[in-house]
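Chain by chain, the residues:
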Amino acid sequence: MDTAYLASNWVRIRRRVDDACRMAGRDPAGVDILPVSKTFGPELIRAAVALGLHRFGENKAQEIRDKSASLADCDIDWVMIGHLQTNKARDVARLASEVQSLDRLELVEALDRRLQQERRAIDVLVQVKTSSEPSKYGLPPEQLPDFLNTLRGYDTLRVRGLMTLAIHSSEPAEVRGCFRLLRELRDQAVAQGHELTRLSMGMSDDFPLAIAEGATEVRIGTAIFGNRSYPDSHYWPEAPVES
Ligand SMILES: *Cc1c(COP(=O)(O)O)cnc(C)c1O
């Protein structure tokens, strides 16, 4: 893909996000776009940096490691948005500015330990499972209150909000229901005294529904960078595997 194509994709998606905000009666300044660069190589990311982007979502610790080495001369914030195995926590603690896929206590402990070693603290979002599909990771909604209370005890992890993946469905009402649930969970947490402002929800195919339900950030891959050569099933395996 050439740079001009990337530039026009970027302008187009920002306009579509702005339109979705207006349709929802929201200020476009309240919705950020997180470009998702997974599977795309350093050259394309470098071109995106030249357009002024500096925050990129990746779903594998290994890719963050490889790309941050290739792009060490660029000022990039790497955001982990994929399922994170505890044995990869070290790379993420060293290299990522943020983790949006925090979904279990075991991972909290692994990240905390590595972050303490690095003397770093990072922003995190708790990934909540809002759909009943077996293939999605995330904390079950009913466990969120206890999980958030537990997280208060970790100085290395600054909890900023919630993240979710909606159900893969052609039924807009079902997709929107996932986003609504995340917003309601955030509102309940705020009522319980947690300072959660961010809602990371919505992707290339479903972001207008997420914006209508209060997304503060949409994670956009395909609409910016084009189609990936691996299917999403490559990234969202059926069963959670921990090694
Ligand atoms: C790949 C991915 C996205 C972006 O998906 P697109 O449909 O390409 O916009 C968003 N969030 C997560 C967690 C992803 O893995």
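Each chain carries its own residue numbering, running from 1 in the direction its sequence is written. For a predicted model such as this one, the threshold for reporting local features is a pLDDT of at least 70, and the threshold for listing and counting side-chain atom pairs is 80 or more; totals across whole chains, interfaces and linings nevertheless cover every residue. Computation of side-chain values covers all heavy atoms of the structure but excludes hydrogens and water.

### Looking at the site of the ligand
Where we set the bar: Summary of the distance rule: residues count as near a molecule or strand when at least one heavy atom falls within 4 Å of that molecule or strand. Distance and chemistry together define a polar contact, namely a pair of N or O atoms within 3.5 Å, with one atom able to donate a hydrogen and the other to accept it when in protein, and with adjacent residues in sequence counting only for side-chain atoms on both sides. Here the Shrake-Rupley method, with its probe set to 1.4 Å, supplies the accessible areas, and only the displayed protein chains count as covering residues. Gly is put with the polar residues, along with every residue not named as nonpolar or charged; the nonpolar set is Ala, Val, Leu, Ile, Met, Phe, Trp, Tyr, Cys and Pro, and the charged set is Asp, Glu, Lys and Arg.
Close to the ligand lie 12 residues; Lys 38, Ser 204, Gly 221, Thr 222 and Arg 228 are nearest. Contact between the ligand and Lys 38: an oxygen atom at 2.6 Å from a side-chain N or O atom of the residue. A distance of 2.8 Å separates an oxygen atom of the ligand from a polar backbone atom of Gly 221. In isolation the ligand has 390 Å² of accessible area, and contact with the protein removes 97% of it. Per-class residue counts for the shell around the ligand are 6 nonpolar, 3 polar and 3 charged.

### Structural notes on the UniProt feature "modified residue: N6-(pyridoxal phosphate)lysine" (unreviewed entry) in the chain
To keep it simple, the criterion reads: UniProt positions are given in the numbering used here, feature names are shortened, and annotations may be inferred rather than shown by experiment. Where helices and strands are cited, they refer to DSSP runs of H or I of at least four residues and of E of at least two residues respectively, numbered from the N terminus. Partly exposed residues are those whose accessible area sits between 20% and 50% of the maximum for their type, while under 20% is buried and over 50% is exposed, using a 1.4 Å probe and protein chains only.
The UniProt entry lists Lys 38 under the feature "modified residue: N6-(pyridoxal phosphate)lysine" (unreviewed entry), expressed in the numbering used here. By the secondary structure assignment, Lys 38 is in the loop between β1 (32-35) and α2 (42-50). Here Lys 38 falls in the buried class, since its relative accessible area comes to 7%.

### Some details on the pattern of salt bridges
Going by this rule: Salt bridges are identified by distance alone: a Lys or Arg side-chain nitrogen within 4 Å of an Asp or Glu carboxyl oxygen.
Applying the stated criterion across every chain, the model contains 20 salt bridges. Between Arg 46 and Asp 73 there is a salt bridge, with its nearest N and O atoms 2.9 Å apart. Here Asp 73 lies in the loop between α3 (61-70) and β3 (77-80) and Arg 46 lies in helix α2, a separation of 27 residues in the sequence. Arg 46 sits in the partly exposed class, given a relative accessible area of 36%.

### Things to note about helix α1 (residues 3-23)
Put simply, the test is: In a helix, the anticipated span is given by 1.5 Å times the number of residues less one. To obtain the arc, one takes the directions from the helix axis to the C-beta atoms.
Across its 21 residues, α1 extends 30 Å between first and last C-alpha, which sits within 8% of the 30 Å expected from 1.5 Å per residue. Residues Leu 6, Asn 9, Trp 10, Ile 13, Val 17, Asp 18, Ala 20 and Cys 21 constitute the buried set of α1. Down the axis of α1, the smallest arc covering the buried residues is 165 degrees, so these residues share one side. Counted as exposed and oriented over 90 degrees from the buried face of α1: Ala 4, Arg 15, Arg 22 and Met 23.

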